[in-house]
Amino acid sequence: MRRPFMILSGMWCCVTCRLKFLSWVLGAACLTLSVHLASEQQAPAVPELSIRATTRLVTVDTIVTDADSRPVSGLTKEDFSVLEDGKPQKIAFFSFVAAEQKPAPPPPRLRPDVFTNRPEYHSANGPLVILLLDGLNTPPTQQLYVHQQIMKYLTSLKLAGPGTAILALGNTLTVLQDFTTDPQLLLSAAKSYKRGRTAVDIESPKIEIPVTTGPGGGAPAQAHLPGSTANDEAANVASQTKPTNSFAELAQSLKRFDSEVAANDENVRVRVTLEALRRIAHAVSGYPGRKNLIWFSDGFPISLALDQSTDLDLYRPYHEQIRQTSAQLSDANVAVYPIDARGLITSPLADPSSIGPPSQAQSAPFAREFSRKATMNRLADDTGGKVFYQTNDLNGALQAAVNDAQSYYWLSYYPERKKWDGKFRTIKIVMTDHRLKVRHRTGYYAVDPASWRKAGDEKLISLSDLHALSNTGVLFYAHPIRPDKKGQDVTVELLIDPHTVSLENGSAYSTDLDFQIGAFTSDGKLAHLESQTAKADELRPETYQQFLRSGIPARFQLALKSGNYVLHVAVRDNTNGHIGSLEMPLQIEK
């Protein structure tokens, strides 16, 4: 439902959902959302941060090691050179980040009825690690092995370890535990994990069509497929087979059908996996510093092994989607560390009894293995991570990936080329000491921030958003207020951090925000959806300054019946497509 939009104290109004500013109302009413902070504490001073504009600052977190793969500290800006598409760039900001640095002071305490997606309230200071248990692309036997290795790592984890979150990938991406340094919470989350939907679970059932082996062998008019109908593709294959067809022709038709099923299965898993990685990037984009994504998987669900030339039309290229996903992870400073869940394995081509060129039965698995490894290597290399293959010590690989987050160099630069043409630009870090080894993101897409709408998906909230990852592209506080009397609306107050949205448009001040609040029932149904837009092409200077000092407040009214709800709140900056979201419980008494 779309209603006239109201900012607290009548600061904004809406006519046909396009807002024009009224006069700013000063006084205590402007600070209504100060209730977000505990009454005995003062609101923190607004940090001296620049407002996001169209100028892009490219950040590159860089791991530097010596010849023995030990981290190197004590380097200065002069020890680094940054090249973009081969051209030198001026380093604008430089720092060394180490886990032993003095932690930042805790944020102001919030009231119990106030919620926020601000990272400082959901993570510990220092490096962050995300453990991704991939049930979609990993058979159950390997999942059990991975689970044992993770439990081994968590058992030895000290309280001062890195902030760690545990996610599970199945039909959807599930948060088992948000960022915490408490090993007991992590152990409890790992113990509660039940294997999700796997590659084995979604394989199509085998199709059995009785045939004879001699010439002229016939087949029934319909294949037997669980749940099949007359229009099923398997039935069509069988019904179009003439009695005079040879067994080889029928087998070829069935083989083609199997290839189509496999291609469709692969496409589903690729899309689900890439979407999960993109959701992770959106969720942690507002968290400062480097984030290490440790991905336990049997391999990326891509196979380039086709049985014969007739299957070439089934092949779907995913290279561009993979590179775009890598770029989104890199933009969020997420480095990917794939760990092969199978441990130490042997290749059929390594069999010393094999003589001569590999057979088709041997080459197909080898090609699949090569394709999966190549994709995992691409994701790791593009984001500055590292791949771990052929090891039974998954716990050791996990610890090595975690150690990468302990210290790194943070470089930032403003690109010399200001044209945002959407093309990929390569990044290369060159050390003055050539004996040192570096690992970093390989580049980024020079995308115009305003072109995000071209993706075609402008929905903020969908039926699948319940218990989804919170996005941190836009940061805000939320305060739900239950009605005093039966039949009254629920009030939801928001306070948006002005430093996480675009308020500048050339020489003028402006803003363009979309808001959505979805009320989900306890059984996961969307009971109410409130959508509003706040757009102003020219902000008055005094309004702009007030936003900087106090934040951007907003108020919503929701008509809900009595019951238990989960409110999913989302805010999007339409200038660049950045999104912030969070969930909060709401109970309305009868």
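Summary of the structure given here. (Residues numbered from 1 in each chain as written. Predicted model: local features only at pLDDT ≥ 70, side-chain atom pairs only at ≥ 80, totals over all residues. Heavy atoms only, no water.)

Moving on, we come to the overall build of the protein. The secondary structure content of the protein amounts to 8 helices and 25 strands. With 590 residues in all, the protein has 46% of them scored as buried. The contacts of the protein with a sequence gap of at least 6 include a subset with a gap of at least 24, amounting to 76%. When the accessible area of the protein is evaluated, it comes to approximately 29500 Å², of which 54% is carbon and sulfur surface. (Helix = DSSP H or I, 4+ residues; strand = E, 2+ residues; numbered from the N terminus. Buried < 20%, exposed > 50% of the residue type's maximum accessible area, 1.4 Å probe, protein only. Contact = heavy atoms within 4.5 Å. Areas by Shrake-Rupley, 256 points an atom, 1.4 Å probe, with all protein chains shown as cover.)

Before going further, it helps to spend a moment on unusual backbone geometry. The backbone of Asp85 shows a phi angle near 50°, a positive value even though the residue is not glycine. Note that Asp85 resides in the loop between β4 (80-84) and β5 (87-89). Given the relative accessible area of 34%, Asp85 is considered partly exposed.

The subject of this paragraph is the packing of aromatic side chains. Counting across every chain of the model gives 10 aromatic pairs. Here Phe80 and Phe94 contribute two aromatic rings whose centre-to-centre distance is 5.5 Å and whose plane-to-plane angle is 55°, an arrangement assigned as tilted. Taken together, the residues Phe80 in strand β4 and Phe94 in strand β6 (residues 91-98) connect sequence positions 14 residues apart. With a relative accessible area of 5%, Phe80 lands in the buried category. Relative to Tyr409, the ring of Phe96 lies with its centre 4.8 Å away and its plane at 50°, an arrangement referred to as tilted. Of this pair, Phe96 sits in strand β6 while Tyr409 sits in strand β13 (residues 407-413), and the two are 313 residues apart along the sequence. In this structure Phe96 comes out as partly exposed when scored by relative accessible area, which is 26%. (Phe/Tyr/Trp six-rings, centres within 6.5 Å; stacked < 30°, edge-to-face > 60°.)

Mapped onto the elements, Arg118 comes out in the loop between β7 (115-116) and β8 (128-134). For Arg118, the side chain forms a polar contact with the side chain of Asp497, separated by 2.8 Å. Discounting residues that sit within four places of it in the chain, Arg118 has contacts with Leu475, Phe476, Tyr477 and Asp497. (Polar contact = N/O pair within 3.5 Å; in protein donor to acceptor, adjacent residues only side chain to side chain.)

The topology assignment puts Asp68 in the loop between β3 (58-65) and β4. A relative accessible area of 55% places Asp68 in the exposed class. Distance in space between the C-alpha atoms of Asp68 and Lys437 is 9.7 Å, their sequence separation being 369 residues.

This part covers the pairing of β13. Summarising burial for β13: 7 of the 7 residues are buried, a large majority. In this sheet, β13 lies alongside β3 in antiparallel orientation, the contact comprising 5 bridges. Across the sheet, the residue bridging to Thr59 is Ser412, located in β13. Pairing geometry for β6 and β13, over 7 bridges, is antiparallel. What sits directly across from Val97, in β13, is Tyr408. (Pairing = 2+ DSSP bridges.)

Attention now moves to a nonpolar patch on the surface. Side chains of Leu57, Phe93 and Tyr414 sit close together on the surface and give an oily, nonpolar patch of about 270 Å² of accessible area. In this fold, Phe93 is placed in strand β6. (Patch = residues over 30% accessible without salt bridge, like charges linked within 9 Å, V, L, I, M, F, W, Y side chains within 5 Å. Salt bridge = Lys/Arg side-chain N within 4 Å of Asp/Glu carboxyl O.)

The buried count for β3 comes to 8 of 8 residues, which makes it a mostly enclosed element. On β3, burial covers both faces: Val58, Val60, Thr62 and Val64 on one face and Thr59, Asp61, Ile63 and Thr65 on the other are all buried. Taken together, the 3 bridges between β3 and strand β15 (residues 437-439) define a ladder with antiparallel strand orientation. Following the sheet pairing, Thr65 is matched in β15 by Lys437.

With that settled, consider helix α5 (residues 319-331). End to end, α5 covers 18 Å across 13 residues, agreeing with the expected 18 Å (1.5 Å per residue, within 8%). Among all positions of α5, only Ile322, Thr325, Ser326, Ala327, Leu329 and Ser330 are buried. Backbone geometry just downstream of α5 places Asn333 in the positive-phi region, at approximately 60°. (Expected span 1.5 Å × (residues − 1).)

Turning to the sheet that holds β15, a few remarks are in order. Within the open sheet, the 4 strands sit side by side as β6-β13-β3-β15. Their pairing is antiparallel. Among the strands making up the open sheet, the edge pair consists of β6 and β15. Pairwise comparison of adjacent strand axes, ignoring direction, gives a mean angle of 30° for this sheet. (Axes fitted to C-alpha atoms, helices over the stretch in contact; angles between N-to-C directions.)

Put simply, helix α1 (residues 140-155) and helix α7 (residues 394-403) touch, their axes get as near as 8 Å, and they point 55° apart. In terms of orientation, α1 and α7 fall into the oblique class. In this structure, the crossing between α1 and α7 has a hand that is right-handed. Mapping the contact onto sequence places Tyr145, Val146, Gln149, Lys152 and Tyr153 in α1 and Leu394, Asn395, Leu398, Gln399 and Val402 in α7. Broken down by class, the residue content of the contact of α1 with α7 amounts to 6 nonpolar, 3 polar and 1 charged. (Parallel < 35°, antiparallel > 145°, perpendicular 65-115°, else oblique. Left-handed = near helix turned anticlockwise from the far one by under 90°. Nonpolar A, V, L, I, M, F, W, Y, C, P; charged D, E, K, R; others polar.)

A word on the pattern of salt bridges. Using the criterion set out here, one finds 18 salt bridges in the structure. Linking Asp61 and Arg290 is a salt bridge whose minimum nitrogen-to-oxygen distance equals 2.5 Å. Residue Asp61 is located in strand β3, and its partner Arg290 is located in the loop between α4 (247-284) and β11 (291-297); the two are separated by 229 residues in the primary sequence. On the basis of relative accessible area, Asp61 is assigned to the buried category, the value being 5%.

This brings us to the nonpolar core. Among the nonpolar cores identified, the biggest contains 32 residues, and Phe476, Val492, Leu494, Ile496, Phe515, Leu560 and Leu567 are the most heavily contacted of them. The contact partners of Leu560, leaving out residues within four places of it in the chain, are Val490, Ala519, His528, Tyr565, Leu567, Leu586 and Ile588. (Core = buried A, V, L, I, M, F, W, Y, C linked by side-chain atoms within 4.5 Å.)

Here Thr180 shows up in strand β10 (residues 173-180). Setting aside residues no more than four positions away along its own chain, Thr180 makes contact with Pro162, Gly163, Thr164, Leu185 and Leu186.

Next up on the list: the sheet that holds strand β9 (residues 163-169). With mixed pairing, 5 strands are arranged side by side in an open sheet as β10-β9-β8-β11-β12. Strands with a single pairing partner mark the edges of an open sheet, and in this sheet they are β10 and β12 (334-340). Adjacent strand axes in the sheet meet at a mean angle of 15°, parallel and antiparallel pairs treated alike. Summarising the sheet, β9 and β10 pair through 5 bridges and their orientation is antiparallel. From the neighbouring strand, Leu167 faces β10, where its bridge partner is Val175. Set on the sheet, helix α2 (residues 183-192) makes contact with β9 and β10; between it and β10 the angle comes to about 165°. Each of β8, β11 and β12 is contacted by α7, which is oriented at about 160° to β11, the strand it contacts most.

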